[in-house]
Amino acid sequence: QTFPDFELLLIDDESPDRCPKMCDSWAKKDPRIRVSHPAKAGPGPSGARNAGVQAAAAPWLTMVDSDDTIAPDLVEKLLAGAETTGAELVICNGCPVTEDGVRHPPFDPDVLQHAFARLGLHVGLPLLGPRAGLPVPYILFSGHVRALCA
């Protein structure tokens, strides 16, 4: 990532493959990486995400699945959007791509903005649209929003 000051949490979701060992190996190579092997994170991605939310210490949080590809400047762009707008939640658009290379339409930003507005959250959407150049949709949210979701 072009934004250098971040903490990367790798959450072991009890995968039967070599992922736990690979995560531990990466953490030994980079001090920004922290690995968590929760005893009972719960099944699948949602259990791993919940464990990550609990373990996160940084003021901002975004989640990336192990099979996702993100732009090298994703974190930098999301943080810039938050700083520019004063938002506690920043959503960027992207283009989902299946394993066979088929590109799907991006999500509708108006639907998301209205949904968050009903929750009373100011959402910064300066990065939405094809100019963002981000391959999948991501949300960056502050500790305040994280506390509301807990």
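Structure: above.
Structural notes, computed from the coordinates. None of these values were measured; they are calculated from a predicted model. (Residues numbered from 1 in each chain as written. Predicted model: local features only at pLDDT ≥ 70, side-chain atom pairs only at ≥ 80, totals over all residues. Heavy atoms only, no water.)

1. Overview of the overall build of the chain
- For the chain, the count of helices and strands is 5 helices and 6 strands.
- Across the chain, helices and strands are ordered from the amino to the carboxyl terminus as β-α-β-α-β-α-β-α-β-β-α.
- Taken across its 150 residues, the chain has 31% of its residues classed as buried.
- In the chain, the share of contacts with a sequence separation of at least 24, taken over all contacts with a separation of at least 6, comes to 73%. (Helix = DSSP H or I, 4+ residues; strand = E, 2+ residues; numbered from the N terminus. Buried < 20%, exposed > 50% of the residue type's maximum accessible area, 1.4 Å probe, protein only. Contact = heavy atoms within 4.5 Å.)

2. A few points about helix H3 (residues 74-85)
- For H3, spanning 12 residues, the distance from its first C-alpha to its last is 17 Å, which sits close to the expected 16 Å at 1.5 Å a residue.
- Looking only at H3, the buried set comprises Leu-74, Val-75, Leu-78, Leu-79, Gly-81 and Ala-82. Viewed end-on, H3 has its buried residues packed into an arc of 155°, placing them on one side of the element. Opposite the buried face of H3, at more than 90 degrees from it, the exposed residues are Glu-83 and Thr-84.
- Count one or two residues on from H3 and you reach Gly-86, which has phi positive near 75°. (Expected span 1.5 Å × (residues − 1). Arc of directions from axis to C-beta.)

3. Quick word on the environment of Ala-80
- In this fold, Ala-80 is placed in helix H3.
- Judged by relative accessible area, which is 35%, Ala-80 ranks as partly exposed.
- Residues Ala-80 and Val-90 lie 10 residues apart in sequence; the distance between their C-alpha atoms is 9.5 Å.

4. Some thoughts on the environment of Ile-70
- Structurally, the position occupied by Ile-70 is in the loop between strand E3 (60-61) and H3.
- Ile-70 sits 69 residues away from Gln-1 along the chain, and the two C-alpha atoms are 9.2 Å apart.

5. So, the nonpolar core
- Membership of the largest hydrophobic core is limited to 6 residues, which are Leu-74, Leu-78, Ala-82, Ala-87, Val-90 and Cys-92.
- Secondary-structure elements contributing two or more residues to this core are H3 and strand E4 (89-92).
- Of all the elements, H3 adds the most residues to this core, at 3 residues. (Core = buried A, V, L, I, M, F, W, Y, C linked by side-chain atoms within 4.5 Å.)

6. With respect to the side chain of Asp-30
- Examined against the element boundaries, Asp-30 turns out to sit in the loop between helix H1 (19-29) and strand E2 (33-36).
- We classify Asp-30 as buried; its relative accessible area is 19%.
- Separated by 2.9 Å, the side chains of Asp-30 and Arg-32 make a polar contact. (Polar contact = N/O pair within 3.5 Å; in protein donor to acceptor, adjacent residues only side chain to side chain.)

Everything listed here is a matter of geometry and, on its own, says nothing about what the molecule does.
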